[in-house]
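# Analysis of the macromolecular model
Chain by chain, the residues:
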Amino acid sequence: MIAIIDYDAGNIKSVQKAFEYVGEDVLLTRDASKILSADKVVLPGVGSFGDAMQKLNEYDLVGVINEVIDKGTPFLGICLGMQLLFERSEESPGVSGLGILKGEIVKIPDGEGYKIPHIGWNSLAVKDDASLFYGAESEPYVYFVHSYYLKADDRDVVAATCDYTTTMDVSVEKDNIFGCQFHPEKSSDLGIEIIKKFLKR
């Protein structure tokens, strides 16, 4: 069973539908016992870093997420859900993230001819050993919607980057932790394959 953490963030339903599309039993929940007993756990989300952390604290989910990761359950953060795994964000000064991985979320810099937020398809530069992209074509295209991006402190956790006014860290992998700044649920066949790769972890 796949537990998708429900903390009142946007885009959760489309993630749920994507996992159901590949035939998985999915539970949208904030119940700690159900999350902890799940085979895999997903933290999606679209919205403000600060608001999201407030909700995770309000629903007593911070400790639950840490426990899930500590016990080795495969965990996937999508978009804002990936950003929350890190320490802080320029979007919400003074607000601490989950701090499970080291790094910060910063605003995408302006660039002539580029629009912020970054909305649409972009190619990725993927590390050879990135398990979520195993078998994918070179420089695969995925779908983004964001104004802030990750700068990871530990380059070893970065599985893929994307160039858009700057080089952004857009996918991470460390042990049982996986993250995508882009939206696999909106990234056509490749996105479905990424979800399937996660399900095999």
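Located above this text is the structure these notes cover.
Numbering of residues starts from 1 in every chain and runs along the sequence as written. Residues qualify for local features only when their pLDDT is at least 70, as the model is predicted, and side-chain atom pairs are given and counted only at 80 or more; totals for whole chains, interfaces and linings, by contrast, use all residues. Hydrogens and water are ignored here; the side-chain numbers use all heavy atoms of the structure.

Quick look at the overall build of the protein chain now. Only DSSP runs of H or I reaching four residues or more are called helices, and only runs of E reaching two or more are called strands; each is numbered from the N terminus. The number of helices and strands found in the protein chain is six helices and 13 strands. Rg of the C-alpha trace for the protein chain: 15 Å, near the compact-globule value of 17 Å for 201 residues, within the 12% margin. Counting only C-alpha atoms and orienting by the principal axes, one finds that the protein chain spans roughly 50 × 40 × 30 Å. The cut-offs for exposure are 20% and 50% of the maximum accessible area for each residue type, with area from a 1.4 Å probe on protein chains only; residues under the lower value are buried, those over the upper are exposed, and the others partly exposed. Here the protein chain holds 201 residues, and 52% of them are scored as buried. Sequence-distant contacts, at least 24 apart, represent 68% of the contacts inside the protein chain between residues at least 6 apart. In the form shown here, the protein chain has an accessible surface area of approximately 9200 Å², with 44% of it arising from carbon and sulfur atoms. A radius of gyration in this sense is built from C-alpha atoms; the matching globule rule multiplies 2.2 Å by the number of residues raised to 0.38. Only heavy atoms matter for contacts: two residues are in contact if any of them lie within 4.5 Å across the pair. Note on areas: Shrake-Rupley with a 1.4 Å probe; residue coverage comes only from the protein chains shown.

Next up on the list: the pattern of salt bridges. Salt bridge, as applied in this entry: a Lys or Arg side-chain nitrogen positioned within 4 Å of an Asp or Glu carboxyl oxygen. Within the structure shown, the criterion is met by ten salt bridges. Measuring nitrogen to oxygen at the nearest pair gives 3.9 Å for the salt bridge that ties K55 to E58. Residue K55 and its partner E58 are both found in helix α3 (residues 49-58); the two are separated by three residues, about one turn of the helix. Overall, the relative accessible area of 27% leaves K55 in the partly exposed class.

Okay, the nonpolar core next. Counting 68 residues, the largest nonpolar core has Y7, F19 and L84 as the members making the most contacts within it. Among all residues touching F19, those that are not within four sequence positions of it are I2, E24, V26, V42, L76, I195, F198 and L199. Grouping buried Ala, Val, Leu, Ile, Met, Phe, Trp, Tyr and Cys residues that are joined through side-chain atoms within 4.5 Å yields what is termed a nonpolar core.

Right, let's get into unusual backbone geometry. Trans peptide bonds make up the majority, and among non-glycine residues the majority have a negative phi. Residue P117 is bonded to the preceding I116 through a cis peptide linkage, with omega at 10°. Turning to its location among the elements, P117 is positioned in the loop between β6 (103-107) and β7 (118-123). Phi angles above zero are rare outside glycine, and D8 is one such case at about 65°. The class of D8 is partly exposed, set by a relative accessible area of 43%. If you check the backbone angles, C79 has positive phi at about 55° while not being a glycine. For C79, the position within the fold is in the loop between β4 (75-78) and α5 (80-83).

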